[in-house]
Amino acid sequence: MAPSFSSTDGLARERRPPGAFAADVRSWVQRIPEGKVASYGDIAALAGSPRAARGVGAVLNGLTEGSDVPWWRVVNRSGELTIPAELGRRSLQRTLLMSEDVRFTPGGRVDLARHHWTGPDGE
DNA sequence: AAGGTGACTGGCG
DNA sequence: TCGCCAGCCACCT
C-alpha cells in the first residue's frame, strides 16, 4: 500500500526561514505574564514546532544581556530549573522567579499547579 | 556543507 | 512517582 501520509501525520513542519523560529520563541516568551512560567515544550508548540523544545533552550541560550526577554520564566515540564549551574544563572533564575512571588515546592520545583501559563487562552 | 551538541520530552520498567 | 533510554529539532562550529 502506498504511503498515503498526506497531511494526516498531524505535524506539518513547515520549513521557515532561518531564525524565524528563534524570533517566534522570543516573542512568545515575552508574552509570559509576570509570576507565571511556561515549559520549553509549551513555547515550542506556540512557536509552531511542538517537538523543538530543545531548540527553545538553544534560542534562550543565545540571548544577549540587553535582551528584554524574560528567559527565567521558562522551565522544564516538571517545573525544574534546568539551566546549567556552571553559568551561575540557575540561582539567578530562582531569585528572579521568587521576586515575582512564584512559589516553589519542597522539592525545589516551581509550583506549576499555581503558576503554569500555557498560552493566551490559558491566562 | 556536515556533523556534533544540548536551558527537552515522551515512553517504559 | 521516579529513573533511564531514545528520538527530536534548532543552533553552532
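Scoring rules and cut-offs
Residues numbered from 1 in each chain as written. Chains lettered and ligands numbered in written order. Predicted model: local features only at pLDDT ≥ 70, side-chain atom pairs only at ≥ 80, totals over all residues. Heavy atoms only, no water. Salt bridge = Lys/Arg side-chain N within 4 Å of Asp/Glu carboxyl O. Helix = DSSP H or I, 4+ residues; strand = E, 2+ residues; numbered from the N terminus. Buried < 20%, exposed > 50% of the residue type's maximum accessible area, 1.4 Å probe, protein only. Near = heavy atom within 4 Å. Polar contact = N/O pair within 3.5 Å; in protein donor to acceptor, adjacent residues only side chain to side chain. Nonpolar A, V, L, I, M, F, W, Y, C, P; charged D, E, K, R; others polar.

### Re the pattern of salt bridges
- Using the criterion set out here, one finds two salt bridges in the structure.
- In this structure, the salt-bridge partner of R73 is E100, at a minimum N-O distance of 2.7 Å. Placement of the pair is R73 in the loop between α3 (53-61) and β2 (74-75) and E100 in the loop between α4 (89-99) and α5 (112-115), with a sequence separation of 27 residues.
- Under the relative-accessibility criterion, R73 is labelled buried at 9%.
- The partner of R109 in a salt bridge is E80, with the nearest N and O atoms 3.6 Å apart. Residue R109 is located in the loop between α4 and α5, and its partner E80 is located in the loop between β2 and α4; the two are separated by 29 residues in the primary sequence.

### Observations regarding the protein's contact with DNA strand B
- As a matter of local geometry, DNA strand B sits amid 14 residues, with Y40, R54, L60, R77 and T82 nearest to it.
- Here, DNA strand B places atoms within 4 Å of the protein, and 42% of those atoms are sugar or phosphate.
- Separating a base nitrogen of DNA strand B from a side-chain N or O atom of R54 is a distance of 2.9 Å.
- If you tally residues by element for the surface near DNA strand B, the top one is α3, at five residues.
- Residue composition of the surface near DNA strand B, by class: six nonpolar, six polar and two charged.

### Some words on the protein's contact with DNA strand C
- A22, S49, R51, A52 and R54 are the nearest of the nine residues found near DNA strand C.
- Between DNA strand C and R54, the relevant distance is 3.2 Å, taken from a base oxygen to a side-chain nitrogen or oxygen of the residue.
- Contributions of two or more residues to the surface near DNA strand C are made by α1 (20-30) and α3.
- Counting residues per element, the surface near DNA strand C draws most heavily on α3, at three residues.
- Tallied by class, residues from the surface near DNA strand C come to four nonpolar, two polar and three charged.

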